[in-house]
Structures are given as structure tokens and as C-alpha cells.
Amino acid sequence: MLKFRLLLFLAIFMNIVIIGSQWGDEGKGKIVDYLSEKAEITVRFQGGNNAGHTVIIGSDIFKLHHIPSGICQNKICVLGNGVVINLPFLITEIKQLQEKGLSVKDKLFISEKAHIITQKHQDIDKKQEENRSNKVGTTGKGIGPCYTDKVSRFGVRMIDFINNKDLIPEYSQYYDLIKSFIIDTTYFLNKAIREGKNIIFEGAQGTFLDIDHGTYPYVTSSNTISSAACTGSGIAPKHINKVIGILKAYTTRVGNGPFPCELNNDIGEFLVNEGKEFGTTTGRKRRCGWLDLFMANYAVDINGIDYWVITKLDVLNKLEEINVCIGYEYENKKLISYPSLANILENVKPIYKKFNGWKTSLENCKTFKDLPIEAKEYLNFIQEFTNIPIAIVSIGPERNQNIVLKDIWS
Ligand code: GDP
Ligand code: IMO
Ligand code: MG
């Protein structure tokens, strides 16, 4: 037994949580796909089809909403108990993947405890948005109302539907298609951990859309932070070995709510166009602004980030000058912690540090050394200010457009 334990200990296996460190769309999908080459299983643990994760492999573009991005590496994919699922949407997603040569057969497992999003939830979502004064700008996918029913104990879980398909008559036609995917994913994942499998937990949305820690009420209806990987999949905190924060080299936000570093000017428009900043799920134009390291430091605390992955650095290639926010001033005082009131956040004044742009393509940069000096200064400052090392710098949307500073799996 002792020998077996020792062997298990010596073997390199790891469970990694990947989360968005801003307001979503940081490039989680691309990085989960890249890292899942060395994983056996990828898991979604919260959110639903409000998420839109893009993976680009050559001329193939995959836009994933429910299914973890590890599917693009043909890995086992799990939708944990914390996820909310739109059945017809999921079935369409599966079909679209099949058309592109990716089969989920024997690879997709859905928690029997995951809750089902119904048409009623989607209708309520839209009505609530019409009627409320502080419009959130939701994706309209019924996410809030579905989680509301879950917490109010009116929800319908997968297992309830499997036992009685008349609980949601409008979805009874999907019963046969979905039944074979439903299992006890808590048992499945804990067994996989005992067997020493590498698992990636793929966050959806981002830290500042978290229902508790985000910019309430302009947030989503689930916990999006690293600890939600445990509650949303039924694994214990001691099994999480590393937390990776995905940080876009600038900031974006879709929907309403405070955004201290937003750029309502030509540079903001430049970032929209250069970064192709249009929502993966709703097609809405994303609001753009400078990188906010005051936010990043808050994300470090809440998530326990071990490494950064900096994405979309290439989008800044043509800028003369780049600003980074290093603090907020409110009523002439520097804030020490991230404010909880949307009202305050709307009126803070960002304190910026200026950097020179590198004004050249990063296309041929393969290692950190190859980067222009100005880009190195920008990245070094991120590491110093947040006290978190960078593991990967993403310099393009393609799977392999990455500069690797540290092998996350070692
Ligand atoms: P997610 O929701 O965090 O998975 O991010 P999305 O997929 O919604 O949005 C990120 C977008 O940026 C996608 O269109 C990606 O293909 C693209 N992308 C990811 N990383 C990079 C990068 O380093 N450079 C560029 N130019 N695009 C990237
Ligand atoms: P990924 O996983 C960016 C935003 C919506 C809205 C708020 C609440 O692709 O990063 P909801 O429909 O969840 O009730 O909407 O949250 N939002 C996202 N923004 N990326 C996402 O997901 C998002 N999912 C929800 O725009 O402001
Ligand atoms: Mg997205």
C-alpha cells in the first residue's frame, strides 16, 4: 500500500483550475484547449450557454458554449453539477461539433445534479431585463432565472428529468438523445483523481462577474471564481494543485456596469477592431479599456492565482503608448481595496502608469527573449506589480501562438 502511495505521489499528475480574471472573454477557451493536450479530462463547473469559448485550429473555428474546450483535443468532457444546461442548445452544439469531425460519443458526461434551463427561464430573463431600471445587459439565455429556481428549490435537475420526462414536456423529445450522457460526475471525478488523471477545470465568465465578488448587480448568477470548481463539481479544495488566471493584455466588458478604465475614444475603437471584440455568444460589441492591475490584484486574492496567462498581447502591437491602471482614486483618496458599490466604481479615477508601445509585429517571437524590449517591460511590470509569474503569453488566436515561460504541468 505504502509503495503504491509513493508511486502515485511521484507520478506527475495535477488538477488545474483556469479562470477569467476580468469580465470574461479573456481567451479561456484557447488556453484550455492548448493546456488540455496533457490533460485527460476537462470540466465545466458553473454557468451555462451564456459562455462562449473560442478555439481556433487552422481554418477550423470552434465556438463552445456548454461543452468544455478540451473536446477539441478529443479529451473527456464533464459538465459538473454547478452548470445549468439548455438541452436543445446542447444538442445543437453536439451536432455542430460532429459536423466538424469531433464526436462526443463516450467522451461527454453530464452531472445528474446539473439544473435544466427551460423556455420559461429564458422568457423571464428577457422580461426582467425589460422591466428593471438597472439593466444588467444579460445574454438572455435564462441563466439568472434558472439559478433562481435552483436556489429556491423549484429547479429540475437532469436526474429528475431522466426519472420523469413529463416534468419538462417541451423537452421530452430530447430525452433519448441526452439520457446516455447523464452520470454521477462527482463519483466519476473523484475516482479519476484517485487514479492520478490530469484534470482541467474550465471557468466560464470572469472574476468580476462573480455573483458575490463581482461588480454587483452587474454580474452573472453563479460563482465564477476558482473555489467554485470544488462546489460546482464535487471535488475537495485539497485536490486543486494550481490556479491559472487568464488576463487579457487590456480589459473588455460586455453588457452594462461600471468599467473604470473604459476608453470611449479612438483607442477604445482601435481595440474593438484590432482585437475583434465582438461577443462569442450574443455578437454584441465589447466595451474596451486599458489593463487594470488594481482589478488583477483583487483577482489574485480571491482566486489564489499561481500563474498568469497573458492573452492578446498582439492586439497592442500598433499602439504608440500603453497605459496600465495601478490604483483608483475616489474623492481625492487612494482606495486600498476594490469597492463593493457600483456607484463608487462609476466615479473612481484610475491612476495610470505609461508604457511605450513596441510598434512591431510579435508574429516571429518564439521565446520571451525574442520579444521587443517595450513588450518585455510591460510584461515584467505585470509580474512585479501583482507578484505573480507569467507562465504563457498568447500572441494570436491560433492554438500554438504562445510564448511559454513555464510548463504549467511540471
Ligand atoms: P473566452 O470566453 O475567455 O474563452 O474568450 P472568447 O473566446 O469569448 O474571446 C476571446 C477571443 O480572442 C476569441 O475570438 C479568441 O480566438 C481570441 N484570442 C484568444 N487569444 C488571443 C490572442 O492571444 N491574440 C488574439 N489576437 N486573439 C486571441
Ligand atoms: P465567457 O465564458 C463575457 C455577462 C453578460 C451580462 C452579465 C450577466 O465567454 O467569458 P447572464 O446572461 O450571465 O445573466 O449575464 O454577464 N456575461 C459575459 N460576459 N463573457 C461571458 O462568458 C459572459 N457570460 C455572461 O454580458 O453583462
Ligand atoms: Mg467568451
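Residues numbered from 1 in each chain as written. Chains lettered and ligands numbered in written order. Predicted model: local features only at pLDDT ≥ 70, side-chain atom pairs only at ≥ 80, totals over all residues. Heavy atoms only, no water.

Which residues make up the overall build of the protein, and what are the values?
The number of helices and strands found in the protein is 13 helices and 20 strands. Relative to its length of 410 residues, the protein is compact, with a C-alpha radius of gyration of 21 Å against a globular reference of 22 Å. Seen through its C-alpha atoms, the protein measures out along the principal axes to roughly 60 × 60 × 40 Å. Looking at the protein as a whole, 56% of its 410 residues are labelled buried. Of all intrachain contacts in the protein linking residues separated by at least 6 positions in sequence, the fraction that spans at least 24 positions is 76%. Counting 49 positive and 45 negative side-chain charges, the protein places the centres of these two groups 4 Å from one another. (Helix = DSSP H or I, 4+ residues; strand = E, 2+ residues; numbered from the N terminus. Rg over C-alpha atoms; globule rule 2.2 N^0.38 Å. Buried < 20%, exposed > 50% of the residue type's maximum accessible area, 1.4 Å probe, protein only. Contact = heavy atoms within 4.5 Å. Lys, Arg positive; Asp, Glu negative; His and termini not counted. Charge placed at Lys NZ, Arg CZ, Asp CG, Glu CD.)

Which residues make up the packing of helix H11 (residues 293-303) against helix H13 (residues 373-386), and what are the values?
With their axes 10 Å apart at the nearest point, H11 and H13 run at an angle of 50° to one another. The angle between the axes of H11 and H13 places the two elements in the oblique class. Considering how the two elements wind past one another, H11 and H13 form a crossing that is right-handed. Residues Leu-293, Phe-294, Ala-296 and Asn-297 of H11 form the contact with H13, whose participating residues are Phe-381, Ile-382, Phe-385 and Thr-386. When grouped by side-chain class, the residues that make up the contact of H11 with H13 number 6 nonpolar, 2 polar and no charged. (Axes fitted to C-alpha atoms, helices over the stretch in contact; angles between N-to-C directions. Parallel < 35°, antiparallel > 145°, perpendicular 65-115°, else oblique. Left-handed = near helix turned anticlockwise from the far one by under 90°. Nonpolar A, V, L, I, M, F, W, Y, C, P; charged D, E, K, R; others polar.)

How would you sum up the site of ligand 2? Please name residues and give values.
Surveying the vicinity of ligand 2 reveals 20 residues, the closest of which are Lys-28, His-53, Thr-139, Gln-205 and Thr-220. In this structure, an oxygen atom belonging to ligand 2 sits 3.1 Å away from a main-chain N or O atom of Val-254. The contact in question runs from an oxygen atom of ligand 2 to an N or O atom on the side chain of Arg-284, over 2.9 Å. A total of 550 Å² of accessible area belongs to ligand 2 in isolation, and the protein chains cover 97% of it. Residue composition of the shell around ligand 2, grouped by class: 7 nonpolar, 10 polar and 3 charged. (Near = heavy atom within 4 Å. Polar contact = N/O pair within 3.5 Å; in protein donor to acceptor, adjacent residues only side chain to side chain. Areas by Shrake-Rupley, 256 points an atom, 1.4 Å probe, with all protein chains shown as cover.)

If you had to explain the coordination of the magnesium ion (ligand 3) to someone new, which residues and values would you point to?
Coordination of the magnesium ion (ligand 3) by the protein is provided by Asp-25 (OD) and Gly-52 (O), with metal-donor distances spanning 2.0 to 2.2 Å. Separated by 27 residues along the polypeptide, Asp-25 in the loop between strand E1 (15-20) and helix H2 (28-35) and Gly-52 in the loop between strand E2 (41-44) and strand E3 (53-57) bring together distant segments of the chain. (Donors = N, O, S within 2.8 Å, 3.2 Å for Na, K, Ca; no water.)

Which residues make up the site of ligand 1, and what values go with them?
Taken together, 19 residues sit near ligand 1, with Lys-28, Thr-54, Thr-280, Asp-314 and Ser-394 positioned nearest. Separating an oxygen atom of ligand 1 from a side-chain N or O atom of Arg-286 is a distance of 3.2 Å. Summarising the interface, the protein chains cover 92% of the accessible area of ligand 1, which totals 590 Å² for the free molecule. Counting residues per element, the ones that place at least two in the shell around ligand 1 are H2 and E3. Classifying every residue of the shell around ligand 1 by side-chain character gives 4 nonpolar, 8 polar and 7 charged.

Tell me about unusual backbone geometry, residues and numbers included.
The peptide bond linking Tyr-216 to Pro-217 adopts the cis configuration, its omega dihedral lying at 5°. Its place among the elements puts Pro-217 in the loop between strand E10 (199-202) and helix H9 (228-231). A positive phi angle, near 60°, is found at Lys-312, a position not held by glycine. Locating Lys-312 in the fold gives a position in the loop between strand E15 (307-311) and strand E16 (321-330). Phi is positive for Asn-387, close to 60°, though the residue is something other than glycine.

Give me the lowdown on the packing of aromatic side chains, citing residues and values where you can.
On inspection of all chains with the given rule, the structure shows 15 aromatic pairs. Measuring from ring centre to ring centre gives 4.8 Å for Phe-109 and Phe-188, while their planes differ by 35°; the resulting arrangement is tilted. Of this pair, Phe-109 sits in strand E7 (residues 108-111) while Phe-188 sits in helix H8 (residues 185-194); the two residues are 79 residues apart in sequence, bridging distant segments of the chain. Linked through ring pairs, Trp-23, Phe-208, Phe-259, Phe-294, Tyr-298, Tyr-328 and Tyr-338 together constitute an aromatic cluster. Sitting over the ring of Tyr-175, Lys-165 keeps its end group 4.9 Å from the ring centre. Positioned above the aromatic ring of Phe-381, the side-chain terminus of Lys-353 is 5.4 Å from the ring centre. (Phe/Tyr/Trp six-rings, centres within 6.5 Å; stacked < 30°, edge-to-face > 60°. Lys NZ or Arg CZ within 6 Å of the ring centre and 35° of its normal.)

Help me get a handle on the pairing of E10, residues and values and all.
Residues Ile-199 and Phe-201 line one face of E10 and the alternating positions Ile-200 and Glu-202 line the opposite face, and both faces are buried. Two strands pair when backbone bridges link them, and E1 and E10 are joined in this way by 4 bridges, in the parallel orientation. Looking at E10, one finds that Asn-15 is bridged to Ile-199. (Pairing = 2+ DSSP bridges.)

Read these as spatial facts, not as claims about activity.
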